[in-house]
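# Inside the fold
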Amino acid sequence: MGAVKLTKNDLKKQKDQLRQFERYLPTLQLKKQQLQMVIMKSAAELEKREKEYFSMIDGLDDWVAVFAENTAFDDGKKIENLVIPDRVVCVRENIAGVSVPVFKELTFREIVYDVADYPLWVDEALVRMREISRCNALLKTLRNQVELLNRELRLTSQRVNLFEKVKIPEAKENIRKIEIYLGDQQTSAVVRGKIAKKKRQGAAV
């Protein structure tokens, strides 16, 4: 900030700024609290979904033997060719003033296969693979959500600190300096006025 002018106009300007800062600060503090609560909730949801995902992965241990049969299929008929993610469907929602993606669905390419070419376990395996892919897409969206919210929290915290520790104290100090200066000027003017009055009275005698 530039040097403060010790004038009544600048005093008014500093007081107006101080009122503005003090009015805006509670809004920032409230937003900071909201973001902290939402981040805690999103982080808890992320942790829950991660456990579900790893549980799904661990559940594949029972399928190791049957998945070994996958190597016997022709390259064009491998199981992974039957489950191909197509599009992650998300919507944007405003959470605590932040536009974040919210997962809705993971779509897959329509792939038609002849059931006669595969053993019975393949149908169930495809369901499992789709569930894992959906959960993985959800996790990526949640991580993005938490990252965006954390970024906004950092910016909001910086603004709160700027107002609390810099702008408001600075404005108060400037007001104090200007009021002291103007008070001194007023006192000096009164003293000069009295001296001039005495001189005039002395000259009139």
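Residues numbered from 1 in each chain as written. Predicted model: local features only at pLDDT ≥ 70, side-chain atom pairs only at ≥ 80, totals over all residues. Heavy atoms only, no water.

A few words now on the UniProt feature "coiled-coil region" (unreviewed entry) in the protein. According to UniProt, the positions carrying the feature "coiled-coil region" (unreviewed entry) are residues 132-159. A distance of 41 Å separates the end C-alpha atoms of residues 132-159, which is 100% helix and 0% strand. (UniProt positions renumbered as here; feature names shortened; annotations may be inferred. Helix = DSSP H or I, 4+ residues; strand = E, 2+ residues; numbered from the N terminus.)

We now examine the environment of Phe108. Its location among the elements puts Phe108 in strand β2 (residues 98-108). Accessibility expressed as a relative area gives 15% for Phe108, which makes it buried. Put simply, Phe108 and Ser133 are 25 residues apart on the chain and 9.7 Å apart in space, counted from C-alpha to C-alpha. With sequence-adjacent residues up to four places away left out, Phe108 is seen in contact with Val83, Ile84, Pro85, Asp86, Arg130, Ser133 and Arg134. (Buried < 20%, exposed > 50% of the residue type's maximum accessible area, 1.4 Å probe, protein only. Contact = heavy atoms within 4.5 Å.)

Inspection of the secondary structure assignment puts Glu152 in helix α3 (residues 121-204). When residues no more than four places from it in sequence are discounted, the contact partners of Glu152 are Lys31, Leu35, Val98 and Arg159.

All right, on to the confidence of the model for the protein then. Across the protein, the average pLDDT comes to 86, with 87% of residues at or above 70. Between the elements of the protein, mean pLDDT differs from a low of 62, seen in helix α2 (residues 64-67), to a high of 94, seen in β2. (pLDDT = per-residue confidence, 0-100.)

It is worth spelling out unusual backbone geometry at this point. The backbone phi angle of Ala96 is positive, close to 55°, even though this residue is not glycine. By the secondary structure assignment, Ala96 is in the loop between β1 (85-95) and β2.

To continue, consider the environment of Ile132. With respect to the helices and strands, the residue Ile132 is situated in helix α3. The exposure class of Ile132 is buried, given its relative accessible area of 13%. Here the alpha-carbon distance between Ile132 and Tyr53, two residues 79 residues apart in the chain, equals 6.7 Å. With residues up to four places along the chain from it excluded, the contact list for Ile132 reads Tyr53, Met56, Ile57 and Leu60.

Attention shifts here to the pattern of salt bridges. A complete count under the given rule lists 12 salt bridges for this structure. Ionic pairing is found between Arg143 and Glu50, a salt bridge with its closest N-O pair at 3.3 Å. In this pair, Arg143 is assigned in helix α3 and Glu50 in helix α1 (residues 8-59), connecting sequence segments 93 residues apart. Overall, the relative accessible area of 23% leaves Glu50 in the partly exposed class. Measuring nitrogen to oxygen at the nearest pair gives 3.4 Å for the salt bridge that ties Arg151 to Glu147. In this pair, Arg151 and Glu147 both sit in helix α3, 4 residues apart, roughly one turn of the helix. Overall, the relative accessible area of 45% leaves Glu147 in the partly exposed class. (Salt bridge = Lys/Arg side-chain N within 4 Å of Asp/Glu carboxyl O.)

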